[in-house]
Amino acid sequence: MKELREIVKAYDEAIRAGKKTALAAVVHLNGSSYRRPGARMLVTDDGGLTGAISGGCLEGDALRKAMLVLAQQQPKLVTYDTTDEDDATIGIQLGCAGIIQVLFEPVDPNNHNNPIQLLRKMIALRQKSVMVTLFSLEDKKNEQAGTCLLLEENGNISGTIPYPELHDAIMKDVHEAMQKQSSFFKNYAGEKKSVSAFIEFLQPSVSLVVVGAGNDAIPMMQIAGAIGWEVRVVDGRSTYARPERFASACQVLVSKPEKALDQIPVDEQTVFVMMTHNYNYDLAMLKILLQRNVKYIGLLGPRKKLDRMLDELHREGMQLSGAQLNTIYGPVGLEIGAETAEEIALSIIAEIKAVLAGKSGGSLRNKQDVIHPETDAFR
């Protein structure tokens, strides 16, 4: 999400400077690649790049393709085949072993539903969204419709499907993607038109609520901010929870636990880490959070601290289900030998990422399967 925000910002700056822009997006992948479908990069007519579609190996050629698209003002689908180690056309021995389809679209600032404006709408609200990008994979010389529609969780639709005979079939799959919270590719064949689609499910950015405004909360904010998460800090001590100490946080709140959540938006992407070093404050916050639908509650401190808290809650008559207990991560963080506040923050952020992604957090060298699931099949 951070990259998308940077792309929108770069687009706004380019428009103010009178520059033309094109958006490059990975729309299909057969095999493996450094970046997955949905990776995007904005190119300006003076050669500026924001975002990335690879680890750096494709950007040089992509810049040249984008300049051609800007000159012709027509979308273009380009295939990058990194499966041939002897292929020197885009750089030898890339090592990705994938066939990557990249769609280049000129961005028309007069089109209120151009790709950047659709991204802007998606970013503006903390809502799940589904974006539709249409392209012709079978014949790259055919018209490439490009990014054309955004469905928001509240039901709002921006843009339109440019092929009336395929509209209902595509929209059915768009709603399915929203319901199942998944992205996929699909081919659609009509009497007059056949088209491929990348139907992309997009989540709002992670919202990290750091409960505790001590010095060890600062590297938590810095690391989370660096990867594009929204950060909120809450503490009962006004001398600690000061905006100047947490300048990049989107909210710094002085509050008692029982009133804090009334002032903090909570959704499926909101996670909490409690590190006040105040047992009673953490206990009160834990009690409140366990009654909310929160995926991750991290608790700094030894296991005996958590056990004591759970015993107190049990004595108060609070019966916790297995699902509720599974949301608590205490001691918090992955086991990486962390000692300093910065290392501890790194271990906690990594654990949160793994939990939200449904991963174990283990070493990739022990993984028997590919890093990412194959995406070579259309539905």
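Predicted, not measured: the structure shown is a model, and the values here were computed from it.

### Some thoughts on the overall build of the protein
Here's step 1: Helix and strand counts for the protein come out as 10 helices and 16 strands.
Here's step 2: For 379 residues, the compact-globule formula gives about 21 Å, and the C-alpha radius of gyration of the protein, at 23 Å, lands near that figure.
Here's step 3: Along the longest, intermediate and shortest principal axes, the C-alpha atoms of the protein span 70 × 45 × 40 Å.
Here's step 4: Looking at the 379 residues of the protein, the share that counts as buried comes to 46%.
Here's step 5: In the protein, of all internal contacts separated by at least 6 residues, the share reaching a separation of at least 24 is 60%.

### What about the pattern of salt bridges?
Here's step 1: For the coordinates displayed, the defined rule picks out 16 salt bridges.
Here's step 2: E230 is paired through a salt bridge with R126; the nearest N and O atoms lie 3.3 Å apart. With E230 in strand β12 (residues 230-235) and R126 in the loop between α3 (115-124) and β6 (129-135), the pair connects residues that are 104 residues apart, well separated along the chain.
Here's step 3: Overall, R126 belongs to the partly exposed group, its relative accessible area being 26%.
Here's step 4: Among the ionic pairs, D282 bridges to K305, the shortest N-O distance being 3.1 Å. With D282 in helix α7 (residues 279-289) and K305 in helix α8 (residues 303-315), the pair connects residues that are 23 residues apart, well separated along the chain.

### Focus: the confidence of the model for the protein
In low-pLDDT segments, the atomic positions of the prediction should not be examined closely.
Here's step 1: This prediction gives the protein a mean pLDDT of 90; 92% of its residues lie at or above 70.
Here's step 2: With pLDDT under 50 throughout, residues 87-93 is counted as low confidence; its partners more than four residues away or in other chains account for nine contacts.
Here's step 3: Taken together, the stretch residues 375-379 has pLDDT below 50 and engages in 18 contacts with residues farther than four places along the chain or on a different chain.

### Describing the domain arrangement of the protein
Here's step 1: Domain annotation of the protein identifies domain 1 (1-202) and domain 2 (207-357).
Here's step 2: Centre-to-centre separation of domain 1 and domain 2, based on C-alpha positions: 36 Å.
Here's step 3: With five residues of domain 1 at the interface, the matching set in domain 2 holds nine residues.
Here's step 4: When the buried area of domain 1 at its contact with domain 2 is split by residue, K2, R5 and R126 rank highest and sum to 83% of it.

### So, the UniProt feature "domain: XdhC Rossmann" (unreviewed entry) in the protein
Here's step 1: Mapped onto this structure's residue numbering, the UniProt feature "domain: XdhC Rossmann" (unreviewed entry) falls at residues 208-352.
Here's step 2: As a span, residues 208-352 carries 38% helix and 17% strand, and end to end its C-alpha atoms are 9 Å apart.

### Remarks on the packing of aromatic side chains
Here's step 1: Tallied over the entire structure, the rule returns two aromatic pairs.
Here's step 2: Here Y296 and Y329 contribute two aromatic rings whose centre-to-centre distance is 4.7 Å and whose plane-to-plane angle is 15 degrees, an arrangement assigned as stacked. Here the residue Y296 occupies a position in the loop between α7 and β15 (297-299), and Y329 occupies one in strand β16 (residues 328-329), the gap between them amounting to 33 residues.
Here's step 3: Judged by its relative accessible area of 0%, Y296 is buried.
Here's step 4: A cation sits over an aromatic face here: R308 above Y279, 4.0 Å from the ring centre.

### A closer look at α7
Here's step 1: Taken together, the buried positions of α7 are Y279, Y281, D282, L283, M285, L286 and L289.
Here's step 2: Capping the start of α7, N278 holds a side-chain oxygen 3.1 Å from the backbone nitrogen of N280, two or three residues further along.

### With respect to the sheet that holds β16
Here's step 1: Read from one edge to the other, the open sheet built from six strands follows the order β13-β12-β11-β14-β15-β16, with strand pairing classed as parallel. The open sheet has two free edges, formed respectively by β13 (251-254) and β16, since each of these has just one partner strand.
Here's step 2: Sheet topology places strand β11 (residues 207-211) next to strand β14 (residues 270-274); five bridges connect them, and they run parallel. Bridging across to β14, V210 finds its partner in V273.
Here's step 3: Contacting β11, β14 and β16, helix α10 (residues 341-357) crosses the sheet at an angle of about 145 degrees to β14.

### Notes on the environment of A247
Here's step 1: Note that A247 resides in the loop between β12 and β13.
Here's step 2: Looking at A247, the relative accessible area reads 66%, which means it is exposed.
Here's step 3: For the pair A247 and A224, spaced 23 residues apart in sequence, the C-alpha to C-alpha distance is 13 Å.

### Re the packing of α7 against α8
Axis angle and axis distance: for two packed helices, these are the angle between their axes and the distance between the axes, and together they describe the pair.
Here's step 1: The contact between α7 and α8 brings their axes to 11 Å, and the two run at 60 degrees. As far as their axial angle goes, α8 and α7 are oblique. When the axes of α7 and α8 are compared, the crossing they make is right-handed. For the pair α7 and α8, contact is made by Y279, D282, L283, L286 and K287 and by K305, L306, R308, M309, E312 and L313, respectively.
Here's step 2: Across the contact of α7 with α8, the residue classes break down as six nonpolar, no polar and five charged.

Definitions and limits used
Residues numbered from 1 in each chain as written. Predicted model: local features only at pLDDT ≥ 70, side-chain atom pairs only at ≥ 80, totals over all residues. Heavy atoms only, no water. Helix = DSSP H or I, 4+ residues; strand = E, 2+ residues; numbered from the N terminus. Rg over C-alpha atoms; globule rule 2.2 N^0.38 Å. Buried < 20%, exposed > 50% of the residue type's maximum accessible area, 1.4 Å probe, protein only. Contact = heavy atoms within 4.5 Å. Salt bridge = Lys/Arg side-chain N within 4 Å of Asp/Glu carboxyl O. pLDDT = per-residue confidence, 0-100. Domains from an automatic or database assignment. Buried area = accessible area lost by both parts, 1.4 Å probe. UniProt positions renumbered as here; feature names shortened; annotations may be inferred. Phe/Tyr/Trp six-rings, centres within 6.5 Å; stacked < 30°, edge-to-face > 60°. Lys NZ or Arg CZ within 6 Å of the ring centre and 35° of its normal. Polar contact = N/O pair within 3.5 Å; in protein donor to acceptor, adjacent residues only side chain to side chain. Pairing = 2+ DSSP bridges. Axes fitted to C-alpha atoms, helices over the stretch in contact; angles between N-to-C directions. Parallel < 35°, antiparallel > 145°, perpendicular 65-115°, else oblique. Left-handed = near helix turned anticlockwise from the far one by under 90°. Nonpolar A, V, L, I, M, F, W, Y, C, P; charged D, E, K, R; others polar.

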